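If you want the building blocks of each chain, they are given just below.
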Amino acid sequence: MQGFAIVLASEELERVQAVSIISSVAAASEIPVEIFVTMNGFRPFEKEVVENMDFEGGRAAEAMMEAEEVDVPLFKEQLEQAKSLGPLSIHACEMTMDLMGKELDDFVDLFDGTLGVSGFISAAEDKQVVFV
Amino acid sequence: MSQVNYDPDVIVDSRDATCPGPLMDLIGKVKSAESGALLELRTTDEGSKNDVPDWIDKAGHELLETVDQGDYWSIYVEKS
C-alpha cells in the first residue's frame, strides 16, 4: 500500500478530528497521506472558526469541546505536529475556494497549496482513497 | 510495579492527553533518539496504553514492559 488520499468534504468536527487522528499517526509512521479539503470541509479551517472554536458537530464533537479533565488535541495542532514528523500534505480545492470567494489566507496555516481535480487524481493515483 | 528498574534516556510525559497525543509525542521522540535508546512514555489514557504497543511492534521497536504506576502507565520501549 502506498498510503491514503483522503477527501474531506464535511464540516463536522468529529469527522475532521477522525481524519486528523488517522492521518497524523499514519504520516508519523511514514505512511504517505494526502488530504484534499473540499466543499463544506473548508469551514473548520477558517481562522475565525478556529479562534472562536465555532465548530459544527454532533455528540462526539460536543464531548470533545466540553472535556475538561483531559487534554483533547485539536486537529490543527495534531496536523501541524504530523507534518513535522512525516509525509503529510494538505491541499485546498480550487473550485470550492473560487465558489466561496476564499483565499488561502482565510484559513489556518496548514495548507500546502491549492489543487484542482486533476491534480488530486494524480496525487491519489497510487493510494487508497477515503471519502469523508 | 515492575521487577526491573529502568533508567530511560528519554521520558515522554503525556499524562492527561488523549489519543493520539501520547502516541504522537512518542513517535516524535523515537525519531530523534539514537538507536538502542530507552524511552519511557507516561500516559493516563487507557486507549493509548493498549494502542501504543501495536505501533511499537509495527514500527519494529521493542516493547520492554508496560508498568502500572497506580495513576498512570509507563510504557518502556527500546528504539531499534
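In short, a report on the structure. What you see is a predicted model, and the numbers here were worked out from it, not measured in a lab. (Residues numbered from 1 in each chain as written. Chains lettered and ligands numbered in written order. Predicted model: local features only at pLDDT ≥ 70, side-chain atom pairs only at ≥ 80, totals over all residues.)

## Quick look at the pairing of strand β4 (residues 73-78) of chain B
All names here are of chain B. Taking every second residue as pointing to the same face, the buried face of β4 carries W73, I75 and V77, while none of S74, Y76 and E78 on the other face is buried. Examined bridge by bridge, strand β2 (residues 38-43) and β4 share six bridges and lie antiparallel to one another. Within β4, the position partnered with L38 by the bridge is E78. The pairing of strand β3 (residues 62-68) with β4 spans six bridges and is classified as antiparallel. Across the sheet, L63 pairs through a bridge with V77, a residue of β4. Between the antiparallel neighbours β3 and β4 lie four residues, among them G70 with a positive phi of about 100°. (Buried ≥ 20, exposed ≤ 12 C-beta atoms within 10 Å, placed from the backbone. Helix = DSSP H or I, 4+ residues; strand = E, 2+ residues; numbered from the N terminus. Pairing = 2+ DSSP bridges.)

## A closer look at the interface of chain B and chain A
Taken residue by residue, the interface counts 13 residues in chain B and 12 residues in chain A. Listing elements by their share of the side of chain B that touches chain A, those giving two or more residues are α1 (21-32) and α2 (46-59) of chain B. For the side of chain B that touches chain A, the leading source of residues is α1(B), giving six residues. The residue makeup of the side of chain B that touches chain A, split by class, is eight nonpolar, three polar and two charged. (Contact = placed C-beta atoms within 7 Å. Nonpolar A, V, L, I, M, F, W, Y, C, P; charged D, E, K, R; others polar.)

## Some thoughts on the sheet that holds strand β3 (residues 88-93) of chain A
All names here are of chain A. The parallel open sheet is built from five strands, whose spatial order is β4-β3-β2-β1-β5. Only two strands of the sheet have a single partner each, and these edge strands are β4 (113-115) and β5 (128-131). Across the sheet, the mean angle separating the axes of adjacent strands is 30° when strand polarity is ignored. Pairing of strand β2 (residues 33-37) with β3 involves five bridges; the strand directions are parallel. Paired with V33 across the strands is L88, a residue of β3. Across the face of the sheet, helix α6 (residues 117-124) comes into contact with β1 (4-8), β2, β3, β4 and β5 while running at roughly 160° to β2. (Axes fitted to C-alpha atoms, helices over the stretch in contact; angles between N-to-C directions.)

Geometry only, nothing functional implied.
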